[in-house]
Amino acid sequence: MLAPCSTSNTWEILIKGKIMRNYEIVFLVHPDQSDQTPSILSKLDKITKDSGGKVHRSENIGNRKLAYPIQDQFKASYGLLNIECNQEAINEIKNSFKFNDSIIRNLVLAVKKVKSDPSALLVQTKEDNEKDSYQEAREAANKAEEEEAKEASKQKVEKAAEDIVEVNEENK
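Counting from 1, residues in each chain are numbered in the order their sequence is written. Under the rules for a predicted model, residues below a pLDDT of 70 receive no local features and side-chain atom pairs below 80 are neither given nor counted, while totals for whole chains, interfaces and linings still include all residues. No hydrogens and no water enter the side-chain calculation; it runs on all heavy atoms of the structure.

**A few points about the pairing of strand β4 (residues 54–70)**
Condition: When DSSP finds two or more bridges between a pair of strands, those strands are recorded as paired. Strands are runs of DSSP state E lasting at least 2 residues, helices are runs of H or I lasting at least 4, and numbering of each runs from the N terminus.
Of the pairings in the sheet, the one linking β4 to strand β5 (residues 73–85) comprises 11 bridges and is antiparallel in character. When the bridges of β5 are listed, Lys65 appears paired with Lys75. Hairpin connection from β4 to β5: 2 residues lie between these consecutive antiparallel strands, with Gln71 at a positive phi of about 50°.

Following this line, the structure appears as structure tokens:
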């Protein structure tokens, strides 16, 4: 049953007598332990589904530079979830963040609408990676052109030297 919440502007869904709300969860994982990000996402998915909720979006955004250092770290691995669950599941998720040393920062927001399309941060990260790979490919192509030009120049010098030797031999 869909009913407006009397205490806020968000919509809530009552399932088996429990209020289900939409949440957006973002967390940052220490860069030395960034390989744990997928396992943390799957753990949070499991907590949500076990409580009778739904996972609308689960993204491992990857390593990104931080705007300012957190715990003397300049990069972190980002994870994002959009879920629909009850308060018990949110409490369990917050508790798991509290006792997980690899998570250096987290944010849990109640949102009005379900979001399932790719996040702007994920899109930007993919674009940045594509730009980086394009730039690397361009640099490699430029380097190859320079090598070819050096080789061609070297061959011209060798040919000129051979011609000079031939002219000198003819003049003798």
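**Notes on the confidence of the model for the chain**
Filter applied, for reference: For every residue, the predictor reports its confidence as pLDDT, a number between 0 and 100. Contact criterion: two residues are considered in contact whenever any of their non-hydrogen atoms come within 4.5 Å of each other.
For the chain, the average pLDDT comes to 81, and 84% of its residues sit at 70 or higher. Taken together, the stretch residues 1–10 has pLDDT below 50 and engages in 17 contacts with residues farther than four places along the chain or on a different chain.

**Quick word on the environment of Leu81**
Basically, it comes down to this: Three labels apply to residues, based on accessible area from a 1.4 Å probe with only protein chains included: buried if under 20% of the type maximum, exposed if over 50%, partly exposed otherwise in between.
Counting through the fold element by element, Leu81 comes out in strand β5. Its relative accessible area of 0% is what places Leu81 among the buried residues. Along the primary structure Leu81 and Ser58 are separated by 23 residues, whereas in three dimensions their C-alpha atoms are 4.6 Å apart. Those residues in contact with Leu81 that sit more than four places away from it in its chain are Tyr23, Glu24, Ile25, Leu41, Leu44, Asp45, Val55, Arg57 and Ser58.

**Re helix α1 (residues 37–50)**
What sets the pattern is the α-helix's 3.6 residues per turn: residues three or four places apart point alike. The condition that has to hold: Helix span, expected: 1.5 Å multiplied by one less than the number of residues in the helix. Picture the helix axis, draw a direction to every C-beta atom, and the arc is the one those directions span.
Taking 1.5 Å per residue, 14 residues should reach 20 Å; α1 reaches 20 Å between its end C-alpha atoms and fits that length. Within the span of α1, buried status applies to Thr37, Ile40, Leu41, Leu44, Asp45, Ile47 and Thr48. Down the axis, α1 shows its buried residues gathered within 165° of arc, on one side only. Counted as exposed and oriented over 90 degrees from the buried face of α1: Lys46, Lys49 and Asp50. Turning to α1, the residues buried within the fold contact β3 (18–29), β4, β5, α2 (87–98) and β6 (103–111).

**Topic: the side chain of Asp45**
Our working definition: Charged-residue counts in this description rest on Lys and Arg as positive and Asp and Glu as negative, His and the chain ends being excluded. Salt bridges are defined by distance alone: a side-chain nitrogen of Lys or Arg within 4 Å of a carboxyl oxygen of Asp or Glu.
Structurally, Asp45 can be placed in helix α1. Lacking a salt bridge, the buried Asp45 has Lys49 as its closest oppositely charged neighbour, with an N-O distance of 5.2 Å. Setting aside anything within four residues of it in sequence, one finds Asp45 in contact with Val55, Ser58 and Leu81.

**Focus: the pattern of salt bridges**
Once their charged atoms are close, side chains differing in charge can pair, the charge on each being opposite to the other. Throughout the structure, instances matching the rule amount to 2 salt bridges. Residue Arg57 is joined to Glu24 by a salt bridge in which the shortest nitrogen-to-oxygen separation is 3.4 Å. Taken together, the residues Arg57 in strand β4 and Glu24 in strand β3 connect sequence positions 33 residues apart. Each member of the pair, Arg57 as well as Glu24, carries the same accessibility label: buried. Between Asp50 and Lys46 there is a salt bridge whose closest N-O contact spans 2.8 Å. A residue pair is termed a helical-turn pair when its members lie 3 or 4 positions apart in one helix, as Asp50 and Lys46 do in helix α1 at 4 residues.

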